[in-house]
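Observations on chain architecture
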Amino acid sequence: MAPFIQSSWESPIGRLRISVSEHGDGTPHCVGLYFPGHQPTPKFWSDDRTELDWRRHDFVRHIVDQLAAYFADGKFRIELPCHFSGTDFQQQVWHQLTLIPAGTTRTYREIATLIDRPAAVRAVGSAVARNPLSIIVPCHRVIASGGGLAGFAGGRDRKRFLLNHELLEHELLEQELPEQEAGVHTDTRNSQSTTVTTPVATIAQPNAVSVRVAGNRPVQVTRAAAIKTASARNAKQSPPALA
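What this report covers is the structure whose coordinates are included nearby. (Residues numbered from 1 in each chain as written. Predicted model: local features only at pLDDT ≥ 70, side-chain atom pairs only at ≥ 80, totals over all residues. Heavy atoms only, no water.)

Looking now at the overall build of the protein. If you tally the helices and strands in the protein, you get six helices and 10 strands. Counting over 243 residues, the protein shows a buried share of 47%. Taking contacts inside the protein between residues at least 6 apart in sequence as the whole, the part at least 24 apart equals 68%. When the accessible area of the protein is evaluated, it comes to approximately 11800 Å², of which 50% is carbon and sulfur surface. (Helix = DSSP H or I, 4+ residues; strand = E, 2+ residues; numbered from the N terminus. Buried < 20%, exposed > 50% of the residue type's maximum accessible area, 1.4 Å probe, protein only. Contact = heavy atoms within 4.5 Å. Areas by Shrake-Rupley, 256 points an atom, 1.4 Å probe, with all protein chains shown as cover.)

A few words now on the nonpolar core. Among the nonpolar cores identified, the biggest contains 46 residues, and Phe71, Val93, Leu97, Val124 and Ile135 are the most heavily contacted of them. Mapped onto this core, the elements with two or more residues apiece are strand 2 (14-22), strand 3 (28-34), helix 1 (58-72), strand 5 (79-87), helix 2 (88-98), helix 3 (108-114), helix 4 (121-129) and helix 5 (156-165). Of the residues forming this core, the biggest block, seven residues, is contributed by helix 1. Not counting the four nearest positions on each side in its chain, Val93 is found in contact with Ile111, Ile115, Val124, Ala127 and Val128. (Core = buried A, V, L, I, M, F, W, Y, C linked by side-chain atoms within 4.5 Å.)

What follows covers helix 5. Counted residue by residue, helix 5 has seven buried out of 10 residues, so it is predominantly covered. Of the residues making up helix 5, those classed as buried are Arg158, Lys159, Phe161, Leu162, Leu163, Asn164 and His165.

Here the focus is the environment of Thr27. Within the element layout of this structure, Thr27 appears in the loop between strand 2 and strand 3. The exposure class of Thr27 is partly exposed, given its relative accessible area of 31%. C-alpha separation for the pair Thr27 and Pro81, spaced 54 residues apart in sequence, amounts to 9.0 Å. Not counting chain neighbours up to four residues away, the residues in contact with Thr27 comprise Ser21 and Glu22.

To continue, consider the packing of helix 1 against helix 5. Close contact between helix 1 and helix 5 brings their axes to 9 Å; oriented N to C, the two are set at 70°. If you check the angle between helix 1 and helix 5, you find them roughly perpendicular. Here Tyr70, Phe71 and Ala72 of helix 1 come into contact with helix 5, specifically with Phe161, Leu162 and His165. For the contact of helix 1 with helix 5, the residue count by class is five nonpolar, one polar and no charged. (Axes fitted to C-alpha atoms, helices over the stretch in contact; angles between N-to-C directions. Parallel < 35°, antiparallel > 145°, perpendicular 65-115°, else oblique. Nonpolar A, V, L, I, M, F, W, Y, C, P; charged D, E, K, R; others polar.)

Attention now moves to the side chain of Thr107. Along the polypeptide, Thr107 turns up in strand 6 (residues 106-107). Taking the relative accessible area as the measure of exposure, Thr107 reaches 14% and is therefore buried. For Thr107, the residues in contact, after removing those within four places along its chain, are Val142, Ile143, Ala144 and Ser145.

Its 15 residues place the ends of helix 1 21 Å apart at the C-alpha level, agreeing with the 21 Å of an ideal helix rising 1.5 Å per residue. Those residues of helix 1 that sit buried are Phe59, Val60, Ile63, Val64, Gln66, Leu67, Tyr70 and Phe71. Here the buried residues of helix 1 occupy an arc of 160° about the axis, which is enough to place them on one side. For helix 1, the exposed residues lying more than 90 degrees away from the buried face are Asp58 and Ala72. Elements in contact with the buried residues of helix 1: strand 1 (4-11), strand 2, strand 3, strand 5 and helix 5. (Expected span 1.5 Å × (residues − 1). Arc of directions from axis to C-beta.)

For strand 3, the tally of buried residues reaches six of seven residues, placing the bulk of the element in the interior. Pairing between strand 2 and strand 3: six bridges, direction antiparallel. Considered in strand 3, the bridge of Glu22 is made with Pro28. (Pairing = 2+ DSSP bridges.)

Turning to the packing of aromatic side chains, a few remarks are in order. Enumeration over the complete set of coordinates arrives at four aromatic pairs. Ring centres of Phe35 and Phe152 lie 5.5 Å apart, and the angle between their planes is 65°; this geometry places the pair in the edge-to-face category. Of this pair, Phe35 sits in the loop between strand 3 and strand 4 (52-53) while Phe152 sits in the loop between strand 7 (142-143) and helix 5, and the two are 117 residues apart along the sequence. Both residues of the pair, Phe35 and Phe152, count as buried. Aromatic side chains Tyr70 and Phe71 sit 5.3 Å apart centroid to centroid with 70° between the ring planes, which places their arrangement in the edge-to-face category. Summarising the burial analysis for this pair, Tyr70 and Phe71 share the class buried. Pairwise contacts between aromatic rings join Trp9, Tyr70 and Phe71 into one cluster. (Phe/Tyr/Trp six-rings, centres within 6.5 Å; stacked < 30°, edge-to-face > 60°.)

Right under this line is the structure:
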């Protein structure tokens, strides 16, 4: 494992743990962004190691600046050099996550189809759960096929907050991740460095129609109505008080 430094920052939804590694050429990369109690256990974090104050490291300060901008505006494009350490399959899934625009979602089944592995829905669920770069690689934008929130390493309250913060245009149902959409995939590990850009949704029509699910029935909702609903919901919402 490459040497890394770790720091943390108090975000509006609790402490975010930041891990940074400098490669052979001295270029820093973000290798981990975790919530407290993150499961599975983070690869690039140890409670036994000393944390560096985020203000004392230029690149960590840059990460915090990007995150602060995102929390100020859910459509902000996070652009950071990151290093992925995972299997080829996991990296395919994580790459697809970076292509999900803010304000939209994909299901585990849709991700499986996009990587040409339509039968690997459970393996996709496992790869999403092992995403080492929360928020930067937006795994919170993946939901269950029925429209439910499904799981999230930072907890359901944080996932709901992040989706609402990005002005999601359809309502989410409370539903557990279906058993067939969770599982484990084993493959040869690989590492890859890249610059992650989280895309922003582009809406061509001012009153475009989206779809939400009411029970088992899809219901069309205009963008104006969705924004009104989201605004009313967000007015009642404050960031979850989580450590």
